[in-house]
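In case you want the letters, here they are:
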Amino acid sequence: MSIDTETARRVAKLARIAVAEDALPALAAEFNAILGFIEQLNEVDVDGVEPMTSVTPQRLKRRADVVTDGNQQAAVLKNAPDAREGFFAVPKVVE
Amino acid sequence: MSDLTKLTIAAARDALRKGDVTSTEITQACLTAIDSADALGAFVHKTPEIALAQARAADARIKAGDAPAMCGIPLGIKDLFCTKGVPSQAASGILQGFKPEYESTVTGKLFDAGAVMLGKLNMDEFAMGSSNETSTYGPAINPWKVDNRNLTPGGSSGGSASAVAADLCLAATGTDTGGSIRQPAAFTGITGLKPTYGRVSRWGIVAFASSLDQAGPMTKDVRDCAIMLQAMCGHDPKDSTSADLPVPDFEAALTGDIKGKTIGIPREYRMDGMPGEIEKLWEDGTAMLRDAGAKIVDISLPHTKYALPAYYVIAPAEASSNLARYDGVRFGHRAKLAAGDGITQMYEKTRAEGFGPEVQRRVMVGTYVLSAGFYDAYYNRARKVRTLIKRDFDDAFAAGVDAILTPATPSAAFGIGEMADADPIKMYLNDVFTVTVNLAGLPGIAVPTGRDAQGLPLGLQLIGKPWEEAELLNIAYRLETAAGFVAKPVKWW
């Protein structure tokens, strides 16, 4: 599997990271080096092996479906780069 | 008392209880040491006011006879832990200015036990790195030096390792996703423990790869690891993977008696091109445990070779998902936008400006291996290989092995900037002996046992059975006693 500039552009877009056009070929080369390393996994016979979901077999604890926290609007907004009238503010989302 | 900053937790605890010294005195001595150690780049946010207030409160508690072991002990806290009202940036530009409105479970437990926070410690950005060079603050420096070259303290918990080795604090918190406690501990001649996955709550610790991350103590010796781990662990309803198991008395387990214990030596860890010094260190450590009455057996962990490639699928995949939250909306950095920029440009510019190159690389690799068409080929295959890696350990333990001895790192500390032009994979190889332990969720500890020809510290790693930190610490304690490593870096900072 080899990654070209077009794939690098698509991955950057999916990851929502702006990458300058002239930086894409170097990025593609780095991906190829890392993926080349990962390709070793193809040597392993994984037939019939379950993918790991948890290192410790455990059933997640349940709790009553009730509100345990809340009423902290000021604390929640405290670190926002732009908060107005009790909301997070962002650039216009809909036309 | 002189040299208060050189005290172990155990020695400080005993002196505090006897009234020979106050926490305020030890804390003040650490703050003075920190202020003269800016050249190490270890402390990146100093909190002297908090420290002195906590020390005074600890002194009052000690006087009243209500003093848990960690009461009055000054610590450094890795920047990955959210600490209320104090910058908690994960060494990333994207969390510039972030001051959490809450306290991580681990720091909360430590403070409830009376521990003192001296400040926040340097690290690799989002804990992604093995040399502390990906930090937005600039690198932390190893107090050990050769030929006047600046060496790395390792990573990602590089600031923690540097601060403990240089006696700026009595101990520090670290976190370990692929070796980030054990490799820096080995590079700086200190002791570092990664607990069993689930032993310590991850709540309030900035997430890197949630199925691998664990916090642990970085200390001056094994006893201190036992004492500090005790205060850090326990069930937390706020972390669904936190284990609801009783916490044993780890310090009480340190008898030094390991007669009849079976120690496995995995043949796959004898890598091609392993430096002779590392091989000798390993053989010497094996002999020490044998002399202490342990039974030494050769074991096989056949999938070891595939641990790093599996890790470099699973960890970036989880990181790409975890780091999606850094969007410039709720906290941290937001890029300045041009006229007409919409929400997508805001995300893309914010993340391009806020994340450093290594974090960007891993987020994008993770995005790729999870993307439609590649999920099975990469991500699911890696998770299957992870099952096989864990099975290797399960088989060894089922055959009667109590703990496994390996080198902690493939070399001693290297120079700052030395790997700058290397392929990223070369840096990843630092974790070749430690990463298997995270994939299998096991406890592992790095103990300093020797020095290389240049005088730099080298460490061995012991790997234990799940939830058997007490037994693991006892074997490590015996190894530490036999190795008698007491060397300290010569002060140059």
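On a predicted model such as this, the values are computed, not experimentally measured, just so you know. (Residues numbered from 1 in each chain as written. Chains lettered and ligands numbered in written order. Predicted model: local features only at pLDDT ≥ 70, side-chain atom pairs only at ≥ 80, totals over all residues. Heavy atoms only, no water.)

What about helix 1 (residues 5-14) of chain A?
The complete set of buried residues in helix 1 of chain A reads Thr7(A), Ala8(A), Val11(A) and Ala12(A). Relative to the axis of helix 1 of chain A, the buried residues are bounded by an arc of 135° and lie together on one face. Next to the buried residues of helix 1 of chain A lie helix 2 (24-38) of chain A together with helix 11 (357-370) of chain B. One or two residues past the end of helix 1 of chain A sits Arg16(A), with phi positive at roughly 55°. (Buried < 20%, exposed > 50% of the residue type's maximum accessible area, 1.4 Å probe, protein only. Helix = DSSP H or I, 4+ residues; strand = E, 2+ residues; numbered from the N terminus. Arc of directions from axis to C-beta. Contact = heavy atoms within 4.5 Å.)

Some thoughts on the packing of aromatic side chains
Residues and elements named next belong to chain B. For the coordinates displayed, the defined rule picks out 15 aromatic pairs over all chains. When the ring centre of Trp 492 is taken as origin, the NZ or CZ atom of Lys 145, which lies over that ring, is 3.7 Å away. One Lys or Arg, Lys 238, reaches over the ring of Trp 203 and ends 3.8 Å from the middle of that ring. (Phe/Tyr/Trp six-rings, centres within 6.5 Å; stacked < 30°, edge-to-face > 60°. Lys NZ or Arg CZ within 6 Å of the ring centre and 35° of its normal.)

Here's the deal with the interface of chain B and chain A
In this complex, chain B contributes 64 residues to the contact, which on the side of chain A involves 51 residues. Here chain B meets chain A over a buried area of about 5000 Å², counting both sides, of which 69% is carbon and sulfur. Per-residue buried area on chain B facing chain A is highest for Met364(B), Tyr368(B) and Arg381(B); these three make up 13% of the total on that side. The interface formed by chain B and chain A contains six salt bridges. Here Glu348(B) and Lys13(A) are joined by a salt bridge, their closest N and O atoms 2.9 Å apart. Linking chain B with chain A are 19 residue pairs in polar contact (both at pLDDT 80 or more). Those elements giving two or more residues to the side of chain B that touches chain A turn out to be helix 9 (307-322), helix 10 (343-354), helix 11, helix 12 (375-398), helix 13 (424-428) and helix 14 (435-440) of chain B. The biggest single contributor to the side of chain B that touches chain A is helix 12 of chain B, with 12 residues. Among the residues making up the side of chain B that touches chain A, the classes are represented as 32 nonpolar, 15 polar and 17 charged. (Buried area = accessible area lost by both parts, 1.4 Å probe. Salt bridge = Lys/Arg side-chain N within 4 Å of Asp/Glu carboxyl O. Polar contact = N/O pair within 3.5 Å; in protein donor to acceptor, adjacent residues only side chain to side chain. Nonpolar A, V, L, I, M, F, W, Y, C, P; charged D, E, K, R; others polar.)

Examining a nonpolar patch on the surface
Residues Val90(A), Val93(A) and Val94(A) make up a contiguous nonpolar surface patch of about 260 Å² in total accessible area. Given the relative accessible area of 34%, Val90(A) is considered partly exposed. (Patch = residues over 30% accessible without salt bridge, like charges linked within 9 Å, V, L, I, M, F, W, Y side chains within 5 Å. Areas by Shrake-Rupley, 256 points an atom, 1.4 Å probe, with all protein chains shown as cover.)

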